[in-house]
Amino acid sequence: SDWNSVVKTIYDYDSFGPELNKTGYFEDDVKALLAGLNTPDEKMLAILNYVKSTVKWNGNFWFDCENGVKKAYKEKTGNIGDINLMMTAMLRYAGLTANPVLTSTRSNGIALFPNRTAFNYVIAAVETPQGYVLLDASDKYSIPNVLPVRTINWHGRLIRKDGTSEDIDLMPTKVSNDVVFLTYTIEPDGKITGKTRRQCFDHNAMITRNNIDGLKEEEYLEKLENQNGKIEISDYSKANQKEILLPTVESYSFVGNNFCELIGGKMYVNPMLFFAEKENPFKQELREYPVDFSYPFADKFNITIKIPEGFVVETLPAPVILNMEGNLGTFKFNIATNETVLQLSVLRQINQPIITTDQYDMLKEYYKGMIAKETEKIVLKRI
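Reading the values: rules and limits
Residues numbered from 1 in each chain as written. Predicted model: local features only at pLDDT ≥ 70, side-chain atom pairs only at ≥ 80, totals over all residues. Heavy atoms only, no water. Pairing = 2+ DSSP bridges. Helix = DSSP H or I, 4+ residues; strand = E, 2+ residues; numbered from the N terminus. Axes fitted to C-alpha atoms, helices over the stretch in contact; angles between N-to-C directions. Contact = heavy atoms within 4.5 Å. Buried < 20%, exposed > 50% of the residue type's maximum accessible area, 1.4 Å probe, protein only. Core = buried A, V, L, I, M, F, W, Y, C linked by side-chain atoms within 4.5 Å. Salt bridge = Lys/Arg side-chain N within 4 Å of Asp/Glu carboxyl O.

A look at the sheet that holds strand β21 (residues 378-382)
The strand order across the open sheet formed by four strands is β12-β13-β21-β16, and the pairing between neighbours is antiparallel. Strands with a single pairing partner mark the edges of an open sheet, and in this sheet they are β12 (260-263) and β16 (311-315). Mean inter-strand twist for the sheet, computed between neighbouring axes without regard to direction, equals 30 degrees. As paired strands, β16 and β21 are joined by four bridges and run antiparallel to one another. Along β21, the bridge assignment pairs F311 with R382.

See the structure below:
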C-alpha cells in the first residue's frame, strides 16, 4: 500500500538485507586498502575503485543478489545487486553512513506506484554533511555522484537498517561541461585545415570514456571522421582516459573539403564547421512527456578562423543571446573580426535535466533560434 511496506519486504529478502551484514570475506582486504586513509572522501573513492576493479558486472540488472556477495567476490563477477550491496557493506565497514538506494533503470520506466517490481536496480548512498553522495561500482568510469546514464531516472528509494526509507532525487544538479578549442585556416580553394582540442567533464567525460573504450583507435577515428563531415584526422592524442577524476582531453589536426561553397567570387562558410547543430530535435506540435536531457550540460566553443589571402569579410552573423525563462537554459553567440582573423565564442547551456511539457514550446523555440544562428554563414569576398 505504500513505499515503506515495499522496501521493508525487499530488505527482508534473504538475498538483500542479510547480504549487507556479511563482512568476513572482505575484511582483511579492505582493512589493507584503508590503511593510511583518513577522510570520508578518500575512503569512499578507494572502496568504489576497489569494487570496480575487483568484481566485473555480468550484464544482469536487479536490486538483490544473484550469486550472493561472497561468491561474487570470490568469482570476481556478479549482477548489480551483488556488486553494489557488496560496496555498501564495505562502506559501512569503513565507518561511513552508507545505505542501498533502490532505483529503476530508464528501460524499466519510472517507479510511480508502490510495488516491488517498480525497481530493478540498486546503488549506494553515503550520507555526508553536504548531502548524499551516490555511487555505482558497475561502470568502470563512474565516479562519486556521476552515475551511469541508465540509472539516472527521476527518483530512487533509500533503505536504512531500521526499515525506514527516504525518497532520493537521482537527477544531477551539477553542469557537465564540454569545452572545445578550434583553430582553422580557410585556403583560397575552400579547403580547411585546423586543430581541435576538446575537454569533457563529469557525465560527458564518462560517456566519452565509454565511447572510446573497447574500440581500436583506427576504428574510433574513422567513426569520428564520418560523424564530422568526412574530415581527415591526423596527430590524434588523448589524455586522462584512466585518470577518471580529471576531464578527458582529445586533440587532433584535421583537413576538410566539405565546409566551403565558392560561388561567383564569394566564399560561404559555416564558422562552427562540424560542431554546428543543424536540425531541431523537437518537431512535435504537442509534447505529452517531459524532455529528459539526463543531466545539465554546457557546450562551450572557442573558435579562431584565419581567412584566406585575397579575401575580406563581407558579412558576419550578428551576435545573439537567447535565454529561457526560469534560468532553464542560455545560448550565446558572439563573433568578432580583426582583419584576417575571426574570433567566435559560443555557449549552449541547459541547466535542468528535465524540461516539463508546459515548458516544451519555449524549449522548441530556443532550439529553433539556436539552430538558425549556428547554421548562418560567414560571407567572404575577393578583394
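Past the structure itself, the notes keep going.
Here's the deal with the sheet that holds strand β7 (residues 165-169)
Taken in spatial order, the five strands make up an open sheet running β5-β4-β3-β6-β7, and their pairing is antiparallel. Only two strands of the sheet have a single neighbouring strand rather than two, namely β5 (131-135) and β7. With strand direction ignored, the average angle separating the axes of adjacent strands in the sheet is 35 degrees. As judged from the five bridges shared by strand β4 (residues 121-128) and β5, these two strands associate in the antiparallel manner. Considered in β5, the bridge of V126 is made with V133. Where helix α1 (residues 3-11) meets the sheet, its contacts fall on β3 (98-103), β6 (155-159) and β7, and the angle it forms with β6 comes to roughly 60 degrees.

Looking at unusual backbone geometry
Unusually for a residue other than glycine, N145 sits at a positive phi of about 70 degrees. Assignment of secondary structure puts N145 in the loop between β5 and β6. One non-glycine residue, D235, lies in the positive phi region at around 55 degrees. The class of D235 is exposed, set by a relative accessible area of 63%.

Observations concerning the nonpolar core
F16, M87, M90, L91, L102 and L135 are the most contacted members of the largest nonpolar core, which totals 55 residues. When residues in this core are grouped by element, the largest group, eight residues, is from helix α6 (residues 80-93). If we skip the residues at most four places from it in the chain, L91 touches M44, I47, L96, A98, A124, V126 and L135. Core analysis: the next-biggest nonpolar cluster, separate from the first, contains 51 residues, L182, L224, M272 and Y360 among them.

Topic: the pattern of salt bridges
By the definition in use, this model includes 14 salt bridges. For R198, the salt bridge is made with D178, and the minimal N-O distance between the two is 2.7 Å. Of this pair, R198 sits in strand β9 (residues 192-200) while D178 sits in strand β8 (residues 176-186); the two residues are 20 residues apart in sequence, bridging distant segments of the chain. What makes R198 partly exposed here is its relative accessible area of 28%. Linking E285 and K364 is a salt bridge whose minimum nitrogen-to-oxygen distance equals 3.6 Å. With E285 in the loop between β13 (266-269) and β14 (291-292) and K364 in helix α9 (residues 360-374), the pair connects residues that are 79 residues apart, well separated along the chain. The exposure class of E285 is exposed, given its relative accessible area of 65%. Through salt bridges with shared partners, a single network forms among D299, R348 and E374.

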